[in-house]
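Architecture at a glance
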Amino acid sequence: MSRARAGMRVAGTPAILICALALLVGCDFAADYSGTKGGSGALANVHGFAVPEGRSSPTGRLAQAVALDPRGPEAGIVLEPAWDDGTPDPYREADLAEAVAQGASSFGLIPARAFDRWPEASLPALSAPFQLHSMEQAAAVARSGAVADYLSRLESVGLVGIAAIPEEIRHPASLSPLRHPDQFRALRFRTAQADALFEADLLGALGATPVADAPPSGIASGEVDAAETSLGWLPTLAGNLTITGDIDLWVKFDVLVADSEAWEALSDAQREALRAVAEDLALSPIDRDDAATRACALGYRVAVTSAAARDAFAERVSPAVRGLLADPAHAPVVEAMRDAVSAHPAREYEPPELCRPRTGDAARPDH
């Protein structure tokens, strides 16, 4: 039996009504696309687009890029974002994924970590630790056949994985620079979501205690000692924090997903348009130096560590990587990561001058 289609309606709805339903997306967006004609001359269909963050966040900026790309409306499909209201919720991402699967919204931009809630649909290889060291490498992985095949795991929970989009590399941040895995021992580490089980296990392998329900002020208030975050997300955390910009824990990949019924209802041209938009967006990542400079202008700092320390981190989590490689469901993605590293060598990361720690220990350690 078909579910009620709460996530889709035919354009031509008055713009004022679309604005009321768009949940902060803004009347300019709705007015632009209400009544839009697709390439065939038919009115475009307007679909709900669930986004687990606000529009100004790194995830939100990616979602806006998807929604505002003209290729969707030209093919007769409009994605209308519904933004998060900002209320802290350690289960928000997986709850939104579940809402899309149930047809409450036709589409969503969901971080890959959220699918750990469902073992049969989980995508842990996209969070393989210490494998990728540049967004160019991440883009090559996102566009690989291995990832396209991997996203088919989502079909087991009623979702279609359209494309993976790399957002940013995740790093550790704390009140003082974290430069060696021994410093992680017994630290209370803020994680983004309770359902990010694989990433929590990786922090545990480094000796840290993952804490999923700590607020963004958690480090400043003493509730936690550190956080896994990114240069773009760093300004959302309170405190005089330093992020270690060359400890590349993992890349955060977001997945453009569709409810299976909504996807089946699209034409081939509409499907290809959405795939093309997402795949092209993988080639236009958030600029690392720009994100660092923006954060450092607000008082945050970026530290670096030594090659030996980076090797020590990789060694601590190597059992998890070997486990992925031993599983035929996950191994092709890790192998694609290694191919991307060989094809796109990354330079040793150096933060912008504005970002060096004030404490005099900005120099790269020897060990």
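Now for a quick tour of the structure.

Definitions and cut-offs
Residues numbered from 1 in each chain as written. Predicted model: local features only at pLDDT ≥ 70, side-chain atom pairs only at ≥ 80, totals over all residues. Heavy atoms only, no water. Salt bridge = Lys/Arg side-chain N within 4 Å of Asp/Glu carboxyl O. Helix = DSSP H or I, 4+ residues; strand = E, 2+ residues; numbered from the N terminus. Buried < 20%, exposed > 50% of the residue type's maximum accessible area, 1.4 Å probe, protein only. Contact = heavy atoms within 4.5 Å. Phe/Tyr/Trp six-rings, centres within 6.5 Å; stacked < 30°, edge-to-face > 60°. Core = buried A, V, L, I, M, F, W, Y, C linked by side-chain atoms within 4.5 Å. Disulfide = S-S within 2.5 Å.

The final tally for this structure, using the stated rule, is 23 salt bridges. Of the charged contacts, one joins Asp-280 and Arg-143 as a salt bridge, the two residues approaching to 3.8 Å between their closest N and O atoms. Separated by 137 residues along the polypeptide, Asp-280 in helix H11 (residues 268-281) and Arg-143 in the loop between helix H6 (135-142) and helix H7 (145-150) bring together distant segments of the chain. Arg-143 gets classed as partly exposed once you look at its relative accessible area, which sits at 42%. Among the charged side chains, a network of salt bridges with common partners joins Asp-69, Arg-71, Arg-143 and Asp-280.

Another aspect to go through is the environment of Ala-295. Mapped onto the elements, Ala-295 comes out in helix H12 (residues 288-297). Sequence spacing of Ala-295 and Leu-234 is 61 residues, and the spatial spacing of their C-alpha atoms is 6.6 Å. Not counting residues up to four positions away in its chain, the partners in contact with Ala-295 are Leu-231, Leu-234, Pro-235 and Tyr-300.

Moving on, we come to the environment of Pro-166. Along the chain, Pro-166 turns up in strand E5 (residues 159-174). Along the primary structure Pro-166 and Ala-139 are separated by 27 residues, whereas in three dimensions their C-alpha atoms are 6.5 Å apart. If we skip the residues at most four places from it in the chain, Pro-166 touches Leu-62, Met-135, Ala-138, Ala-139, Ala-142, Val-251, Lys-252, Phe-253 and Ala-282.

This part is about helix H5 (residues 92-101). Residues Arg-92, Glu-93, Ala-94, Ala-97, Val-100 and Ala-101 constitute the buried set of H5. Packed against the buried residues of H5 are strand E2 (45-50), strand E4 (107-111), E5 and strand E10 (250-259). Just downstream of H5 lies Gly-103, where phi reads positive at about 90 degrees.

Another point: the packing of aromatic side chains. Applying the stated criterion across every chain, the model contains four aromatic pairs. A centroid spacing of 6.4 Å and a plane angle of 40 degrees characterise the contact between Phe-115 and Trp-118, whose relative ring orientation is tilted. Relative accessible area serves as the criterion here: at 16%, Trp-118 is assigned to the buried category. When the centroid spacing of 5.6 Å and the interplanar angle of 20 degrees are considered together, the rings of Phe-130 and Phe-313 count as stacked.

The next point concerns the nonpolar core. In this structure, Phe-115, Leu-123, Leu-159 and Phe-253 are the most contacted members of the largest nonpolar core, which totals 55 residues. For this core, the secondary-structure elements that each account for two or more residues are H5, H6, H7, E5, helix H8 (197-205), E10, helix H14 (318-325) and helix H15 (331-343). With five residues, E10 is the largest single contributor of residues to this core. If we skip the residues at most four places from it in the chain, Leu-123 touches Ala-112, Phe-115, Asp-116, Tyr-150, Leu-151, Arg-153, Leu-154 and Val-255. Val-51, Val-66, Val-160 and Ala-163 belong to the second largest nonpolar core, which has 23 residues in total.

As enumerated under the stated definition, the model contains one disulfide in all. Across the disulfide, Cys-296 is cross-linked to Cys-355 (sulfur-sulfur distance 2.2 Å). Its S-S torsion of approximately 120 degrees makes the covalent link between Cys-296 and Cys-355 right-handed. Here Cys-296, found in helix H12, pairs with Cys-355, found in the segment after H15; they are 59 residues apart in sequence, far enough to count as distant. A residue is classified by how much of its surface remains accessible, and Cys-296, at 3% relative accessible area, is buried.

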